[in-house]
Every structure is written in structure tokens, then in C-alpha cells.
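Residue-level listing of the chains:
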Amino acid sequence: MNSFHEFIFMGKHGAYVWSSYIVTFLVLLGLFYWFRYLLKSLRSQVKSELNSGDSDRSQVKARKLKVDKAESRD
């Protein structure tokens, strides 16, 4: 039991180490759910754009990507 106690407290650094693990886990979990939500919203947006208005796919216009002049590679 003594070795488990030493593992948990890690020579008085346990609070820092375990809190770092918890914060890292929460950030990764938050990013996972945020990207999942973003993917679902993009899918629903694409489906709604395909189903709305003209059903003829030949008239679907591509959107232009907005790029700053500083970022362009001319």
C-alpha cells in the first residue's frame, strides 16, 4: 500500500501532475466534441444546400475561398 501512496502523491508533486493530466484530458475531450459538433453542422448545411432550390446539380455554384492578400502566393 505504501508504493501506491507514493505513486499517487509523487513526492509532493502529485497535485500538479494529476491536475495536469485532468486538464489535458478535459481539453482533448472538449476538442473531440467540438469537432464532432462542427462536422455535424457542416453535414447538415451541405444536405440543406443540396436539397434546397434547384435539384439540378449542374447549376450548383462553387464558393470562392476568401484569402488575404498577404497569404496569397502569386
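Residue numbers restart at each chain and count upward from 1, following the sequence in its written direction. Selection of residues for local features in this predicted model requires a pLDDT of at least 70, selection of side-chain atom pairs for listing and counting requires 80 or more, and totals for whole chains, interfaces and linings are taken over all residues. Side-chain measures were taken over the full set of non-hydrogen atoms in the model, leaving aside hydrogen atoms and water.

**Quick notes on the overall build of the protein chain**
Then step 1. Strands here mean DSSP runs of E at least two residues long; helices mean DSSP runs of H or I at least four residues long; both are numbered from the N terminus. Looking only at helices and strands, the protein chain features two helices and zero strands.
Then step 2. Note on exposure labels: buried denotes an accessible area under 20% of the residue type's maximum, exposed denotes more than 50%, and partly exposed covers the range between, all computed with a 1.4 Å probe on protein chains only. When burial is assessed residue by residue, the protein chain has 1% of its 74 residues classed as buried.
Then step 3. Only carbon and sulfur atoms are counted for the fraction: they give 62% of the accessible area of the protein chain, which is about 7900 Å². The protein chains shown are the only cover counted for residues, whose accessible areas, like all others here, come from Shrake-Rupley with a 1.4 Å probe.

**Describing a positive patch on the surface**
Then step 1. On the surface, Arg36, Lys40, Arg43 and Lys47 cluster together to form a positively charged patch.
Then step 2. Mapped onto the elements, Lys47 comes out in helix 2 (residues 14–51).
Then step 3. Judged by its relative accessible area of 56%, Lys47 falls in the exposed class. Residues forming no salt bridge and having over 30% relative accessible area are the ones grouped into patches, like charges within 9 Å of each other and nonpolar side chains (Val, Leu, Ile, Met, Phe, Trp, Tyr) within 5 Å. Throughout this description, the term salt bridge denotes a Lys or Arg side-chain nitrogen within 4 Å of a carboxyl oxygen of Asp or Glu. Neither His nor the chain ends contribute to the count of charged residues, in which Lys and Arg are positive and Asp and Glu negative. A charged residue contributes its charge at one atom only: NZ of Lys, CZ of Arg, CG of Asp or CD of Glu.

**Some remarks on the UniProt feature "transmembrane region" (unreviewed entry) in the protein chain**
Then step 1. UniProt positions are given in the numbering used here, feature names are shortened, and annotations may be inferred rather than shown by experiment. Using the residue numbers shown here, the UniProt feature "transmembrane region" (unreviewed entry) corresponds to residues 15–35.
Then step 2. End C-alpha atoms of residues 15–35 are separated by 30 Å, and the span's content is 100% helix alongside 0% strand.

**A closer look at unusual backbone geometry**
Then step 1. If you check the backbone angles, Met10 has positive phi at about 45 degrees while not being a glycine.
Then step 2. Here Met10 is to be found in the loop between helix 1 (2–9) and helix 2.
Then step 3. You can call Met10 partly exposed: its relative accessible area is 26%.

**Structural notes on the packing of aromatic side chains**
Then step 1. Any Phe, Tyr or Trp ring, taking Trp's six-membered ring, that has another such ring centre within 6.5 Å forms a pair; planes under 30 degrees apart are called stacked, those over 60 apart edge-to-face, and the others tilted. Under the defined criterion, the tally for this structure stands at four aromatic pairs.
Then step 2. Every member of this aromatic cluster is reached through a ring pair, and the members are Phe7, Trp18 and Tyr21.

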